[in-house]
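For reference, the chains in residue letters:
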Amino acid sequence: MQEEIITFPLDNSTFLRVLSNSFREFLESGTSRSTAKLKPLHGAIARDLAERLGSDYVVFSQGYKEGKEVKIKGRYIDKAVDITVKKGNIAVAGLSVKFVMQNYSQNSNNYFENMLGETANIRSGNCPYFQIFIILDKLPYYKRSGELHKWESFTEHNAEKYVILSRDNSEIYFHTPNKTLIYIVHIPENDDLRNSEQYMDYYKSLNPSLSLTEHDYNHFGNGVILNDYESFIDKVYHTIMAL
């Protein structure tokens, strides 16, 4: 499959291309457990952030330069973080990135609770922490056998816990990220697919580009940015530069 060309700095259009490349890597690997899909996504965000911040900062991530994650010292445990920004030897920010492509409902609460816990641990250790949560607006739910049991949609009900989070005061609640980006994306639908193998084969042949969802999720407070990478990365940049 042909990857889309990425130019820097990233804007909202090129960020969608990054997500399309990540989705293609997922299809090529054939499993959500592979880290292959992470490299084009994490690496592009890391490079974008590094170029914005300049030579006084060093950014660590899979898919960028040394291609490794590093640990940030937390209040309770040290944590390997998807993207870490350092100035000298001091971590000045961390970013966690999650891209959900299948079986969302069985993991929905775990994703959210893990996000709260890791955020509290890092932020209580005096390091700003940001979250990026990306999900398809319609995604397959598989049985253990690989049979496609049903299609799930990311609904306003699913978004409600993030709406509550978006209204928290991050200066008071350290489980709340400094800022969260939620990106809800869409691929062409095919309800005739019956198992994971058909799904992978169909979308590999289609070689789709992702687009933003047409569903309306407009109730977020200031803590969450919806489908606007440029605004989010600008907030990350200014938070770091203000330290």
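Residues numbered from 1 in each chain as written. Predicted model: local features only at pLDDT ≥ 70, side-chain atom pairs only at ≥ 80, totals over all residues. Heavy atoms only, no water.

An unreviewed UniProt entry lists the protein under the name Restriction endonuclease, with Barnesiella viscericola given as the organism.

Undergrad: In this structure, what is going on with the overall build of the protein? I would like to understand it.
TA: On a plain count of helices and strands, the protein comes out with six helices and eleven strands. Since a compact globule built from 243 residues should have a radius of gyration of about 18 Å, the 18 Å found for the protein is in line with a globular shape. With respect to the principal axes defined by its C-alpha atoms, the protein has extents near 50 × 35 × 30 Å. In the protein, buried positions account for 49% of the 243 residues. In the protein, the proportion of contacts linking residues at least 24 apart, taken out of those at least 6 apart, comes to 68%. (Helix = DSSP H or I, 4+ residues; strand = E, 2+ residues; numbered from the N terminus. Rg over C-alpha atoms; globule rule 2.2 N^0.38 Å. Buried < 20%, exposed > 50% of the residue type's maximum accessible area, 1.4 Å probe, protein only. Contact = heavy atoms within 4.5 Å.)

Undergrad: Sorry, what's going on with the pairing of strand 5 (residues 90-100) here?
TA: It is a general feature of regular strands that their side chains alternate between the two faces of the sheet. Of all eleven residues in strand 5, eight are buried, a share of seventy percent or more. In this structure, the hairpin formed by strand 4 (residues 83-87) and strand 5 is closed by a connection of two residues, where Gly88 is found at a positive phi of approximately 65°. Where strand 5 and strand 6 (residues 129-136) come together, seven bridges link them in parallel fashion. Each residue of the ladder has a partner; that of Gly94, found in strand 6, is Tyr129. Crossover strand 5 to strand 6 through helix 3 (residues 108-123) is right-handed. (Pairing = 2+ DSSP bridges. Right-handed = clockwise from strand over helix to strand, strands pointing away.)

Undergrad: Please clarify how helix 5 (residues 196-206) should be interpreted in this entry.
TA: Side chains that are three or four residues apart share a direction in an α-helix, a result of its 3.6 residues per turn. Residues of helix 5 that are buried include every one of Tyr199, Met200 and Tyr203, and no others. All buried residues of helix 5 project into a common sector of 95° when viewed along the axis, lining one side. Every exposed residue of helix 5 that faces more than 90 degrees away from the buried side is listed here: Glu197 and Ser205. The distance from a side-chain oxygen at the start of helix 5 to the backbone nitrogen of Glu197 is 3.1 Å, and the residue carrying that oxygen is Asn195. (Arc of directions from axis to C-beta. Polar contact = N/O pair within 3.5 Å; in protein donor to acceptor, adjacent residues only side chain to side chain.)

Undergrad: Would you explain the side chain of Lys161 in this entry?
TA: Position of Lys161 among the secondary structure elements: in helix 4 (residues 156-166). Of the buried charged residues, Lys161 lacks a salt bridge, with Glu113 as the closest side chain of opposite charge at 8.9 Å. In this structure Lys161 touches Tyr104, Ser108, Asn109 and Phe112, once residues within four positions along its chain are discounted. (Lys, Arg positive; Asp, Glu negative; His and termini not counted. Salt bridge = Lys/Arg side-chain N within 4 Å of Asp/Glu carboxyl O.)

Undergrad: What exactly am I supposed to notice about the pairing of strand 4 here?
TA: Burial within strand 4 is extensive, with four of its five residues counted as buried. Pairing of strand 1 (residues 58-61) with strand 4 involves four bridges; the strand directions are antiparallel. Looking at strand 4, one finds that Val59 is bridged to Val85. Bridge count between strand 4 and strand 5: five bridges; the pairing is antiparallel. Paired with Ile83 across the bridge in strand 5 is Leu95.

Undergrad: Before we go on, may I ask you to explain the pattern of salt bridges in this structure?
TA: Where charged atoms from two side chains of opposite charge approach closely, those side chains can pair. Summed over the entire model, instances satisfying the criterion amount to seven salt bridges. With a shortest N-O distance of 3.4 Å, Glu66 and Lys68 are connected by a salt bridge. Between Lys138 and Asp191 there is a salt bridge; the shortest N-O distance is 2.9 Å. With a gap of 53 residues between them, Lys138 in strand 7 (residues 138-142) and Asp191 in the loop between strand 9 (179-186) and helix 5 connect regions that are remote in the sequence. On the basis of relative accessible area, Lys138 is assigned to the buried category, the value being 18%. Residue Asp191 is classed as partly exposed on the basis of its relative accessible area of 44%. The structure contains a network of salt bridges with shared partners spanning Lys138, Glu189 and Asp191.

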